[in-house]
Amino acid sequence: MSGRGYSGGNPAMGDILRSVLVLGLALVVIYGVGQLIYGRDPESPAPKVDYATAAQTAQRAADFGLLVPGELPQGWQSNSARFEPGERGGWHLGVLTDDDEYIGVEQFKRTEDDLVRDFAEGAKDAGTVDIDGRSWRVLKGAENPVVLVTTIDNTSVLVTATAPRSQVEDYVATLRPAGQPASAAPSAG
């Protein structure tokens, strides 16, 4: 038997390359179908975080009331919540509005000026605003267009946002110590 293409059980190099190509294409197709079915939702590219549970867990290690909103408006989601223990540690909560605008809350046992330097470098005082009976300093010139800072219960609280100021002020008015009813307001400072 001297037929062409028969190599005594060993495949020809062309056969190997064709097989590898077919398997590679099959993997690409499977990956593409998987991305279509199980891929990330393009309407929600940021991870969702259960801020209430994170705050309740972190509250056990904190020696101050971690500020959280009573609940987020429809379409809003928390995308980051973390507590860093220790003398220089503190609480961070980040949310995205239904328009994908950001609002971040930083709460630390530091001075207001320390928080401004750490989270809103270059921001300068531009007046004050009263939100829910508390005076907040308004800052301008930072990376985020809206920056507010105040002192609550021996902690400094800094809010930075890309959301419209009126929306930020409405959000700030809902902040309360974790674990307290929505009607409870934080004490002055």
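Thresholds, definitions, all that
Residues numbered from 1 in each chain as written. Predicted model: local features only at pLDDT ≥ 70, side-chain atom pairs only at ≥ 80, totals over all residues. Heavy atoms only, no water. Core = buried A, V, L, I, M, F, W, Y, C linked by side-chain atoms within 4.5 Å. Buried < 20%, exposed > 50% of the residue type's maximum accessible area, 1.4 Å probe, protein only. Contact = heavy atoms within 4.5 Å. Phe/Tyr/Trp six-rings, centres within 6.5 Å; stacked < 30°, edge-to-face > 60°. Helix = DSSP H or I, 4+ residues; strand = E, 2+ residues; numbered from the N terminus. Arc of directions from axis to C-beta.

Peer 1: What exactly am I supposed to notice about the nonpolar core here?
Peer 2: A general trend in soluble globular proteins is that nonpolar side chains are found buried together. The biggest cluster of nonpolar side chains holds 32 residues, and the ones touching the most others in it are I103, W136, L148, V168 and Y171. When near neighbours in sequence (up to four residues on either side) are disregarded, I103 contacts W76, L93, G94, V95, T97, V159, T160, A161, A163, V168 and Y171. Core analysis: the second largest hydrophobic core is formed by 10 residues, F108, L115, V147 and V149 among them.

Peer 1: How should I be thinking about the packing of aromatic side chains in this particular structure?
Peer 2: To describe a pair of aromatic rings, one takes the distance between the centres and the angle between the planes. Applying the stated rule across the entire model yields three aromatic pairs. For the ring pair W76 and Y171, a centre distance of 5.8 Å and an interplane angle of 35 degrees mean the geometry is tilted. Of the two residues, W76 sits in the loop between β1 (67-69) and β2 (77-83) while Y171 sits in helix α4 (residues 165-172), which places them 95 residues apart along the sequence. Considered together, W76 and Y171 belong to a single accessibility category, that of buried residues.

Peer 1: Help me out: how do you make sense of helix α2 (residues 51-59) in this one?
Peer 2: The periodicity of an α-helix, 3.6 residues per turn, causes residues three or four places apart in sequence to face the same way. Here α2 has its buried residues at Y51, A55 and A58. The buried side chains of α2 occupy one side of the element, clustering within an arc of 70 degrees when seen end-on.

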